[in-house]
Amino acid sequence: MSSKTILVTGGTGYIGSHTIIELLNAGYDVINVDNGINSNPSESIKRLEEITGKKLKKNYSLDLGVESELRKVFQENSDIVTVIHFAALKAVGESVHKPLEYYTNNVAGTLVLLRVMKEFNVKNFVFSSSATVYGVVDDCPESGMTEDRSINANSPYGTTKVFVEYILRDLKVAQPDWNIAILRYFNPVGAHSSGRIGEDPKGIPNNLVPYILQVMTGRREFLSIYGDDYETKDGTGIRDYIHVVDLAKGHIAAAKFLEGKNGVCEAINLGTGRGMTVFDVLNSLKKVSGKEIPHKVMPRRAGDVTIYLADVSKAKKLLGWSAELTLDEMCADAWNWARLNPEGLSSS
């Protein structure tokens, strides 16, 4: 393919770094913009360049909220054709306690980015959204939720994603030649098979697999399982877990989908469409590691639902993409990462 330049925001975070690897492998030139608030940019970039044997075209350490600085990125790189936007604060619990920080970073920062893109006539935009936009869902079918379901998040974090989705739809109405892919992730897990790049959460992990990994590496005493009395095969909740490498490849498929279009705005679920219980994940990690994992069953948490699953038929139809890696592969790669990097990137 002919070389095309893609600007990635938040490219040294968990999903962003894996996506940059896939972009470089696919022959794109990549420019990264990241303020490093939730990542280790220098170590991440060093590792992803080692993995691919390729260099980022440029890396900028800046905050999207500083419009004058962001404008310089576009002034210095007139060949940017697409922006993939990851840069966001993303902890649901934290967002409840720090709503202003979340709205400022996630919504106001995105507005600045879109305004500068418009100024420089860059009209292809891939947005990192989330399945949290669906809110608390008590009626998820076993075939998964489709993208036409109403969106109504139940946390400030989720609401920032809802707001940006509305902004993007309004922008498309006002600027019909924009091409926008809104990617709603379900539960990304795993790591690059090299063990050099993976999830490196700050503080107490909010998600199941990173928490289990910290139990396995001795950083946490045990895993709390919240409820074993759901109407599922083993009593624990069902979720849609997707390997982060599959998710990253979904972004490349979305970028290619937008190329050459003359006006499109689509929300697309990225998941496997296959439901997995908490015990499925726990048992898979036991299997791939050969380790026992201490755990305790606790009462249900308010707001947790029985099943939260993606219908992924739209991704297959529009993007020609579907997840390929299994739960055991997700868990094996996650354990490999945790085993080699017990303190995350700071253990290098």
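Anything mentioned here points back to the structure above.
In what follows, the accompanying structure is described. Worth saying up front: this structure is predicted, and the values here are computed from it rather than measured.

This paragraph deals with the overall build of the chain. Secondary structure assignment for the chain yields eleven helices and 14 strands. Its C-alpha atoms put the chain at 55 × 45 × 40 Å along the principal axes. For the chain, buried positions account for 55% of its 348 residues. Taking all contacts inside the chain whose residues are at least 6 apart in sequence as the whole, residues at least 24 apart take part in 79%. Working note: accessible area of the chain is about 14,700 Å², and carbon and sulfur atoms make up 49% of it.

We now examine the pairing of strand β3 (residues 58-61). Sheet topology note: the strand β2 (residues 29-34)/β3 ladder contains four bridges and is parallel. In the sheet register, asparagine 32 faces β3, and the bridge partner there is asparagine 59. Regarding the hand of the β-α-β motif, the stretch spanning β2, helix α2 (residues 41-52) and β3 is right-handed.

Turning to the environment of glycine 250, a few remarks are in order. Turning to its location among the elements, glycine 250 is positioned in helix α8 (residues 244-258). For glycine 250, a relative accessible area of 0% translates into the label buried. Note: C-alpha distance between glycine 250 and isoleucine 268 (18 residues apart in sequence) is 10.0 Å. Filtering out sequence-adjacent residues up to four positions away, glycine 250 remains in contact with Leu183, Leu270, Leu319 and Trp321.

Spatial ordering of the open sheet is given by β12-β9-β14, a layout of three strands whose pairing is mixed. A strand with exactly one partner marks an edge of an open sheet, and here the two such strands are β12 (276-277) and β14 (307-308). Bridging between strand β9 (residues 238-239) and β14 involves two bridges; their strand directions are parallel. Considered in β14, the bridge of arginine 239 is made with tyrosine 308.

The rules behind these values
- Residues numbered from 1 in each chain as written.
- Predicted model: local features only at pLDDT ≥ 70, side-chain atom pairs only at ≥ 80, totals over all residues.
- Heavy atoms only, no water.
- Helix = DSSP H or I, 4+ residues; strand = E, 2+ residues; numbered from the N terminus.
- Buried < 20%, exposed > 50% of the residue type's maximum accessible area, 1.4 Å probe, protein only.
- Contact = heavy atoms within 4.5 Å.
- Areas by Shrake-Rupley, 256 points an atom, 1.4 Å probe, with all protein chains shown as cover.
- Pairing = 2+ DSSP bridges.
- Right-handed = clockwise from strand over helix to strand, strands pointing away.

Function-wise, these values are silent; they only describe arrangement.
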